[in-house]
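Structural description and commentary
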Amino acid sequence: MALNLTPEYFEADRQYRQARTREEKLAALELMLKTIPKHKSSEKKQADLKSRIKELREAPAARGKSAAVDPYHIPSQGGGQVLLLGLPNSGKSSILGYLSQAPVKITNFPFGTQLPVPGMVYHEDVPIQMVDLPPVTPEHVPPGMVNALRHAEIILLVVDLAADSVLEDLESLLAILAERNITFESAEQDDTGQIMQVWPKGLIAGTKSDLPAAAENLQVLRELRSPEPPLLPVSSRTGQGLPELLKRIFDMLHVIRVYSKLPGKPADKEKPFVVPAGTTVGELARTIHKEMAEHLKYARIWGESAFDGQQVHATHVLADRDIVELHA
Ligand SMILES: Nc1nc2c(ncn2[C@@H]2O[C@H](COP(=O)(O)OP(=O)(O)OP(=O)(O)O)[C@@H](O)[C@H]2O)c(=O)[nH]1
Ligand SMILES: [Mg+2]
C-alpha cells in the first residue's frame, strides 16, 4: 500500500515522537493530519490520526507533577531508539544487560521488569538507544506502552527460541501489535526515488540460541513463518549473534556517522556525529552550530563521498565515515 508520505508529514511525525506535553502532541498530530496525502490508501491512517486527536482533546488535563510523568516517554538518544518487546521471561532484559551498563533486572521468573529501562548499546562507534520494556501478554499490555510502540523507530520483538511455543509466541506478539494497528510497512520511495522511512520498523531476536532446543525450533520457524520481519538468533549467555543484530539495527536506522576535523589537526575520531543518511555538508554545519551554517564557505572531505581533501559546497551529500573539515 503506497501512502506516498511527504517530507512535511515525516517532520510532523518526528515532532510528535519528540513531543512532551499534550499541547505539543496535539499540534504535531494536527500537522500530521494536515500534511498526510488525502487519498484512498491513507484513509485508515487519517482515521487513526483523527481518533488520536479526539482522544487527546478529551483526555483530562494532567493534574500536578506526578500525573504528567510518563515512564514510557523516553526521548531518543544517539543514532536512534529500539524498543524491546516480548512475552514474560523471553530474555529482553538479558539482551540489554549483555550489551550495556543499564541497570536492568534479569530474573528467572516472569514479570521481572516493571518499568522501561533505557541503555546505550554500540554498533562500532555508533551509539544506539535500547529500551528494555516490561513484558506484554495477549491479556495485558501496560498502559502507556502502546503509545510508545506506535511511535517507536524500531521494535525488536524478542522470542525465546528454546521454547517449543516459539512460533505461537511470535504470532501472539504480532497479533498484540496488529490489534492496535501497529504494523511493519517496508520503506517506500518518493517521486525522486529517494527512500522514505516508514516507522516503526520491526526486527525479531530469537534468544537463548545457546540452549539445546533452540536449533530445531529455529529450523521450524524458518520453514513456517514469513521472512518479514527478519529474525536473527542470539544468545545473551555467549553473546553469539548480538553484533550481527546491532549491525542490522544500524542499517535499519538509515543514519551515517561523520567525523569533524579542524584545519591542520587530525580528525576527532572519538565521537562521530550521527546524522540521517542523505545529510549535506550544510545540514551538518547546522547541527554543529547555527552560526557555522550561516558563515560556511566550503568544506574539505576525506572519505567515500569525495577524493581525499576534496573541496565541496554546502549541498554536497555526505557518506558514512566521511571526515569533514568545515571552513567558515
Ligand atoms: N541460556 C540462556 N538463558 C537466557 C538467555 N537470555 C535470558 N536467559 C534467561 O532467561 C530468564 C529470563 O531472562 P530476562 O532477561 O529476565 O527475561 P525478560 O524477557 O526480561 O523477562 P521479563 O522482564 O519478566 O519479561 C533468565 O533466567 C535469564 O538468565 C540466553 O540467551 N541464554
Ligand atoms: Mg525483563
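Since this is a predicted model, take the numbers as computed values, not measurements.

1. Regarding the environment of Arg-225
Considering the arrangement of structural elements, one finds Arg-225 in the loop between helix H8 (214-224) and strand E8 (231-233). The partly exposed category is assigned to Arg-225, around which 16 C-beta atoms lie within 10 Å. Between the alpha carbons of Arg-225 and Ile-95 there is a distance of 23 Å; along the sequence they are 130 residues apart. Discounting residues that sit within four places of it in the chain, Arg-225 has contacts with Leu-167 and Leu-170.

2. So, the domain arrangement of the protein chain
Interface size, as often reported, equals the accessible area lost upon joining of the parts. The assigned domain composition of the protein chain is domain 1 (7-60), domain 2 (71-253) and domain 3 (255-327). Centre-to-centre, using C-alpha coordinates, domain 2 lies 33 Å away from domain 3. Residue-level contacts link six residues of domain 2 with four residues of domain 3. Here the residues of the side of domain 2 that touches domain 3 are counted per class, giving two nonpolar, three polar and one charged.

3. Quick look at unusual backbone geometry
Residue Glu-228 is joined to Pro-229 through a cis peptide bond whose omega torsion reads -10°. Summarising the element assignment, Pro-229 is placed in the loop between H8 and E8. Residues other than glycine seldom take positive phi values, yet Asn-181 does so here, at roughly 65°. Judged by local crowding, Asn-181 falls into the partly exposed class, with 13 C-beta atoms found within 10 Å. One non-glycine residue with positive phi stands out, namely Arg-321, at about 75°.

4. A closer look at the site of ligand 1
Within the structure, ligand 1 sits among 23 residues, and Gly-91, Ser-93, Ser-94, Thr-113 and Pro-135 are positioned closest to it. Looking at the shell around ligand 1, the element that brings in the most residues is helix H5 (residues 92-99), giving three residues. Looking at the shell around ligand 1 residue by residue, the class counts come to six nonpolar, 13 polar and four charged.

5. Considerations on the environment of Phe-184
In this fold, Phe-184 is placed in the loop between helix H7 (166-178) and strand E5 (188-189). Judged by the 18 C-beta atoms lying within 10 Å of it, Phe-184 is partly exposed. Considered as a pair, Phe-184 and Gly-202 are 18 residues apart in the sequence and their alpha carbons are 5.9 Å apart. Once residues within four sequence positions are removed from consideration, Phe-184 is found in contact with Pro-200, Lys-201, Gly-202, Glu-228 and Pro-229.

6. Some words on the sheet that holds strand E7 (residues 201-207)
The sheet built from six strands is open, its strands ordered E2-E3-E1-E4-E7-E8 with mixed pairing. Because the sheet does not close on itself, it has two edges, and the strands there are strand E2 (117-123) and E8. Put simply, the sheet's adjacent strands are angled 30° from each other on average, direction ignored. In this sheet, E8 lies alongside E7 in parallel orientation, the contact comprising three bridges. Residue pairing for E8: Ala-205 is matched across the bridge by Leu-232. Strand contacts of H5: strand E1 (81-86), E2, strand E3 (126-132), strand E4 (154-160) and E7, with the helix running at about 150° to E3, the strand carrying the most contacts.

Parameters and conventions
Here the residue numbers are simple positions, counted from 1 along each chain's written sequence. In the order they appear in the text, chains get letters beginning with A and ligands get numbers beginning with 1. Local features are withheld for residues below a pLDDT of 70 in this predicted model, meaning they are given only at 70 or higher, and side-chain atom pairs are given and counted only at 80 or more; totals for whole chains, interfaces and linings count all residues. Note on conventions: DSSP H or I runs of at least 4 residues are helices, E runs of at least 2 residues are strands, and numbering of each starts at the N terminus. Counting other C-beta atoms within 10 Å of a residue's own tells you its class, since 20 or more makes it buried, 12 or fewer makes it exposed, and anything in between is partly exposed; those C-beta atoms are placed from the backbone. Residues are scored as being in contact if the C-beta atoms we place from backbone atoms lie within 7 Å. Where each domain begins and ends is defined by an automated method or by a domain database. Each residue is assigned to one of three groups, with Ala, Val, Leu, Ile, Met, Phe, Trp, Tyr, Cys and Pro labelled nonpolar, Asp, Glu, Lys and Arg labelled charged, and all others, Gly among them, labelled polar. For each residue, a C-beta atom is placed from the backbone, and the residue counts as near a molecule or strand when that atom lies within 6 Å of it. By the convention used here, strands pair only if DSSP detects at least 2 bridges between them. To get an axis, fit a line to the C-alpha atoms, keeping to the stretch in contact for a helix; angles then go from 0 to 180 degrees between the N-to-C directions.

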